[in-house]
Amino acid sequence: MDALGAVSSKEAPQGLDVTNEEAFASQSKLLQEFASISSIEKAWVFETDNGSNSRAMFSVSQPNLLGNKKRTHILSSHISKESNQSLSFQWAPFPVEMSGVSTMVPSPSGLKMLVIRNQENDSPTQFEIWGPSQLEKEIHIPKSVHGSVYTDGWFEGISWNSDETLIAYVAEDPSPSKPVFDGLGYKKRGSAEKDCGSWKGQGDWDEDWGETYAGKRRPALFVINIFSGDVHVVDGISKSLSVGQVVWAPMVEGLDQYLVFVGWPSDCGSPKVVRKLGIKYCYNRPCSIYAVRACLHKSETDKLQTIGDTTEDKNAAVNLTQGISSAFFPRFSPDGKSLVFLSSKSAVDTGAHSATDSLHRIDWPRDGKPYPSLKIFDVVPVVMCAEDGCFPGLYCSSFLSKPWLSDGETMILSSYWGSTQVILSVNVLSGSVSRASPTNSSSSWNVLALDGDNILAVSSSPIEPPEIKYGYSIENKERIASVGWSWLDVSSPVSRYSEKVRSLLSSLQFSIMKIPVSSASENLTKGARKPYEAIFVSSNAVKSGACNPLIVILHGGPHSVSLTNFNKSQAFLSSLGYSLLIVNYRGSLGFGEEALQSLPGKVGSQDVNDVLAALDHVIEMGLVDPSKVAVLGGSHGGFLTTHLIGQAPDRFVAAAARNPVCNLALMVGTSDIPDWCYVEAYGGSEGKAYFTEAPSLEHLHVFYKKSPISHLSKVKTPTLFLLGAQDLRVPISTGLQYARALKENGVEVKVIVFPNDIHGIDRPQSDFESFLNIGVWFNKYFK
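Residues numbered from 1 in each chain as written. Predicted model: local features only at pLDDT ≥ 70, side-chain atom pairs only at ≥ 80, totals over all residues. Heavy atoms only, no water.

**Details of the nonpolar core**
One broad rule of soluble globular proteins: the nonpolar side chains tend to lie buried together. We count it as follows: Each nonpolar core is a collection of buried residues, namely Ala, Val, Leu, Ile, Met, Phe, Trp, Tyr and Cys, held together in the definition by side-chain atoms within 4.5 Å. For every residue, the accessible area (1.4 Å probe, protein chains only) is compared with the maximum for its type, and the residue is labelled buried under 20%, exposed over 50%, or partly exposed between those bounds. Secondary structure elements follow DSSP: runs of H or I no shorter than four residues count as helices, runs of E no shorter than two count as strands, and numbering proceeds from the N terminus. Should any heavy atoms of two residues lie within 4.5 Å, those residues are counted as being in contact.
Judged by nonpolar contacts, the single largest core of 137 residues is most densely connected at L221, L259, L359, V552, L581, V583 and F652. Tallying contributions element by element places helix 7 (residues 606-620) first for this core, with seven residues. Excluding its chain neighbours within four sequence positions, the residues that come into contact with F652 are V552, L612, L615, V629, A630, V631, L644, I645 and T717. Formed by 42 residues, the second largest nonpolar core is a distinct cluster that contains A35, L65, V537 and F768.

Printed below as a string of C-alpha cells:
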C-alpha cells in the first residue's frame, strides 16, 4: 500500500466524527464509572438455629462490558438482632460469582439450594442440589427430554414440594423431529441423521411468543425427583396451552398432590387470533390458573408423553378462574386455606397492553380436590380514580415466592404509586391496603425478601444508587411511636461506589412535579382531568438566572411509567451538565385506571400535548431556557420524540430515538403486537373489534395520520437513531424508513444499528455505546 492509502493510528476510526473524538474519550470514561455500579436483583433470607438471627444472600449484577453479558454474583451476610433492638449485618469478605448459573431456588426449609444451568447447543441442562457444605446431587437432562428451563420471570416456574423430594418446573418442549435429506432426496425415519452425506431440514414453523422469546419452544410442565433423577412431563395439560408460574398445592395426607399453574392459550383467547402475539410487557394476553394432578407417567419406551388433549381424561387440568379473563402469580397462604392471585383483567378487557391490576382470592377446598366452580373473591379491586394522595391501585410486576407475614393473611408487595414505587401491606381477608415504605419518601422502594415479620428492601432515587433497607413493623416494636414501619439504613458493599460518582451525584437534586392538564375537556373522566407528574432532575448549584440545557425523557409503552429509582444512563446524562424532565404523561401506570384509559385512541395528540405542557411548566417556573432543549425516548417514547420534532419543530435543538415507533402503517404488518397498533390508534374496544392481520386501506390511513411520519415534512431537528436489528416489537424497518426520509429532506441524521440487539438494546456493550453516542450527540448541539 502506498503512503496515500495508509491510515495514521492517530486518526479517528472510519465513521467516527473527528471533531467529537475528544468528547467520546472523556464521556466514555464517565459513563464507565456509572455503568460499573451494581444492581441488587433479588435476595433470600434463611433462619438460623436460635431463631433470633438470620442469614441473607443477595443476588447482585454488574455489566461485563468486555464479555458483553451480565455478571451476577452472590453476596452473603449474617443478620444479628440484639436484645436492645439494634441490628447489624456482618458481610462476607468477598462475593462469589455465579458463572453459568441460570437461576437459584432454595428449598422450603432453606437447607437445600437448587442451581440450574441451561446449557447451549446440544449439551444437557444441569440440575444441582446443594447442601450447606457441598454438592449433594447433580442431574443432567438431555435435549431429548426437554429444552432450556424457563428462567425469564414470566413463564418461569420452579417450585419444591413440601417434603423436598420433588421439584416442578417449566421448560421448553423437546425439539420435534425434522425431515432429513441427502443426495437422493428425503430419507425415511430411522435413517442415521448425522450422516456426513445428509442434512436436517427445517420442518414446520412454530409460532413463538414474540420479542425475547424468538425461537423458544412452548413452555411445558415437568417434575423431577431429586433422589432418583427421574424427570416426567405432567399429564393432562392441553398442547394449546403455554404454562408457567407453577406452585405446589397444599398436601393432604392420603390424596394425590396437585400442581397449580398459569396457562396462556395459543390463540390469545380470541377466535380472531390465529397465532401467538408478543407477550413481553403485554399483560393483555388472557390467562387462567389451572390445577392438575401431579401424576407422574412414563411410557413403556421410557420416553415422555403428554395425555392432555383428551377432555375425558380424569387427570385433565382444571381451570380454576373461568369467571375472570386474567389470573397469574398464584400464591398459597401459609395455612393452605387461600389461593391468592393477581389479575390484569382491565388490560385484557380493554386491549391496553398494561393497566391497573386487581387482587383476588379463592378459598382452597378442605378436601384438597380443586374444581372449576370455586368462588373468586375480590380482595383489591381496580381503582378507577384515586383521591389526591390516596392509594391509586395495584401495579405489580412480580410477587415474592414467600410474601406472607406471620399472621398468614398479610402480603407484602411492591407496586407503583404515581412516579414512585412503594412497598404495600395487603390483608387478603379484609382487603385493607397500607403503605409500608415511608410515606414522606420520594425515592422508589422494592421489597427483596421477608425476614420473619421484617422487610428486607432496596431503595434508590435519580440521585442515589441502590441502598439496602430493613423495616420493622410497629406491632412488633413497641419502642417505635410512629404509625406504620420504621426503616433502618443498612451499610453494605453494594452501596460503595467511586468518589467521582459520589461527588457528581451530590451536586444534583430532584423533585416530582404535578402538571395541570391543559384545556381539560368536560368529556374527560375525572381521573383524566387530574394532574399528571414529571420528575425534574437538576443541579443544586446553578447560579441565579442561569439554566443548564434540558433533556426531555419519555418512557415507552405507552402504559408504563418512569420511576424515581436510580437509572445509570440518566445519572450519566445528568452528570454531563443536563437537567432532566422525565414526563409521566396521562396513560402512564400508577395514576388510576381512568387516567390510563384516556390515552388509547388519542396517541400522537394527548400524549404530545401533555409533554409540551410539562415543558412549558418548567419554562414558566424559570428552570429551563427554552432555547436549550433536547428530547430523548425509546419505543413509544421514540414515537413521542419523533412526533414532537414534527409537531413542534422549533422547540428542540436535538433529538435521540431508540427503536422508535415512526409509522404505524408499516409497523402493523411487521410487529409481534399488531393489535397494539389498533388499540392505541382507535381506542380500546373499537381497536379490539377492528383488529385483523390484513389491515384495510382505511385502517392504514388512520395509522398513517396518527404516526410521526405524517409530520415529517416539518422536521428540522438533528436526530440520532439507535436501532436493534433483531427487534420484533418495533422492527428496524420503521426507524430506517423515517431516518432515510429525514435525510431525503436535508435534516441532519445519524443512525447506529446494533446487529444482534432486540427492542431494549440492553446488552452491555450496546447499551454503553448507545448512551455514549446520545451524550456526544447532545454535546455537539449544546456546545
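From this point, the narrative continues.
**A closer look at the state of the cysteines**
The condition is simple: Disulfides are defined as cysteine sulfur pairs within 2.5 Å.
Tallied over the entire structure, the rule returns zero disulfides. The thiol of C396 is unpaired, and the distance to the nearest cysteine sulfur, on C287, comes to 14 Å. For C396, a relative accessible area of 4% puts it in the buried group. The structure places no disulfide on C662, whose sulfur is separated from the nearest cysteine sulfur, that of C677, by 12 Å.

**Considerations on unusual backbone geometry**
Omega for the bond connecting G557 with P558 falls within 30 degrees of zero, at 5 degrees, which places this linkage in the cis form. Here P558 lies in the loop between strand 34 (550-554) and helix 5 (568-575). Non-glycine residue F329 carries a positive phi angle of around 55 degrees. We classify F329 as buried; its relative accessible area is 4%.

**Quick notes on the side chain of N659**
Put simply, the rule is: N or O atoms within 3.5 Å of each other form a polar contact, as long as, within protein, one can give a hydrogen and the other can take it, and as long as residues adjacent in sequence are counted only when both atoms are side-chain atoms.
Checked against the element boundaries, N659 lands in the loop between strand 37 (654-658) and helix 9 (664-667). A polar contact is formed between the side chain of N659 and the side chain of D727, at a distance of 3.3 Å. Contact partners of N659, with chain neighbours within four places excluded, come to S635, L722, L723, G724, D727, V730, I758, H759 and I761.

**Comments concerning the sheet that holds strand 22 (residues 338-343)**
Strand pairing within a sheet occurs via backbone hydrogen bonds; the two strands may be parallel or antiparallel. Note the cut-off: Only strands that DSSP links by at least two bridges are regarded as paired with each other. Orientation is described by lines fitted to C-alpha atoms, with helices fitted over the stretch in contact, and by angles between N-to-C directions that extend from 0 to 180 degrees.
Across the sheet, four strands lie side by side as 21-22-23-24; this open sheet has antiparallel pairing. The open sheet is flanked by strand 21 (328-332) and strand 24 (376-380), the only strands paired with a single partner. Mean inter-strand twist for the sheet, computed between neighbouring axes without regard to direction, equals 25 degrees. With three bridges connecting them, strand 21 and strand 22 associate as antiparallel partners. In the sheet register, F328 faces strand 22, and the bridge partner there is L342.

**A closer look at the domain arrangement of the protein**
Definition in use: In this document the domain limits rely on a domain assignment from an automatic tool or a database. Using a 1.4 Å probe, buried area is obtained as the accessible area two parts lose upon being combined, added over both of them. Think of a salt bridge as a Lys or Arg side-chain nitrogen and an Asp or Glu carboxyl oxygen that are within 4 Å of each other. Asp, Glu, Lys and Arg are counted as charged, while Ala, Val, Leu, Ile, Met, Phe, Trp, Tyr, Cys and Pro are counted as nonpolar; the rest, among them Gly, fall into the polar class.
When the domains of the protein are assigned, the result is domain 1 (132-177 + 206-298 + 313-382) and domain 2 (499-663 + 707-782). Domain 1 and domain 2 are separated by 37 Å when their C-alpha centres are compared. Contacts between domain 1 and domain 2 engage 17 residues on the former and 15 residues on the latter. Where domain 1 abuts domain 2, roughly 1000 Å² becomes buried across the two surfaces, and 55% of that area is made up of carbon and sulfur atoms. Looking only at domain 1, the three residues that lose the most surface to domain 2 are E211, H353 and S354, adding up to 49% of its buried area. The tally of links from domain 1 across to domain 2 stands at zero salt bridges. At the boundary of domain 1 with domain 2, the tally comes to eight residue pairs in polar contact (both at pLDDT 80 or more). Taken together, the residues of the side of domain 1 that touches domain 2 break down into seven nonpolar, eight polar and two charged.

**Quick word on the sheet that holds strand 13 (residues 185-187)**
The three strands are arranged 13-12-14 in an open sheet whose pairing can be described as antiparallel. Sheet topology places strand 13 and strand 14 (198-200) at the edges, where each strand pairs with a single neighbour. Taken over all neighbouring pairs, the strand axes of this sheet differ in orientation by 35 degrees on average, direction set aside. Looking at chain direction, strand 12 (residues 180-182) and strand 13 are connected through three bridges and run antiparallel. Within strand 13, the residue paired with V180 across the bridge is K187.

**Section: the packing of helix 1 (residues 21-35) against helix 5**
The condition is simple: Here is the rule for angles: anything less than 35 degrees is roughly parallel, anything more than 145 is roughly antiparallel, 65 through 115 is roughly perpendicular, and the remaining ranges are oblique. Whether a crossing is left-handed or right-handed is set by the direction in which the near helix is turned from the far one by less than a right angle, anticlockwise for left-handed and clockwise for right-handed.
Put simply, helix 1 and helix 5 touch, their axes get as near as 9 Å, and they point 140 degrees apart. Classified by the interaxial angle, the pair formed by helix 1 and helix 5 is oblique. The handedness of the crossing between helix 1 and helix 5 is right-handed. Here helix 1 contributes Q27, L30, L31, F34 and A35 to the contact with helix 5, which in turn contributes K568, A571, F572 and S575.

**Side note on the UniProt feature "domain: Peptidase S9 prolyl oligopeptidase catalytic" (unreviewed entry) in the protein**
What counts, and what does not: UniProt positions are given in the numbering used here, feature names are shortened, and annotations may be inferred rather than shown by experiment.
Under the feature "domain: Peptidase S9 prolyl oligopeptidase catalytic" (unreviewed entry), the UniProt entry names residues 565-783. Secondary structure within residues 565-783 divides into 46% helix and 13% strand; the distance between the first and last C-alpha atoms comes to 29 Å.

**Points about the pattern of salt bridges**
The full count for this structure, using the stated rule, is 23 salt bridges. The salt bridge partner of K216 is E172, with a shortest N-O separation of 3.3 Å. Taken together, the residues K216 in the loop between strand 14 and strand 15 (219-225) and E172 in strand 11 (residues 166-172) connect sequence positions 44 residues apart. When its relative accessible area of 25% is taken as the criterion, K216 is described as partly exposed. Residue classification places E172 among the buried residues on the basis of a relative accessible area of 6%. Across the pair K469 and D489 runs a salt bridge, and its minimum N-O distance is 2.5 Å. Of this pair, K469 sits in strand 30 (residues 464-473) while D489 sits in strand 31 (residues 485-490); the two residues are 20 residues apart in sequence, bridging distant segments of the chain. Judged by its relative accessible area of 10%, K469 falls in the buried class. Where salt bridges share partners, they join D173, R218 and K239 into one cluster.

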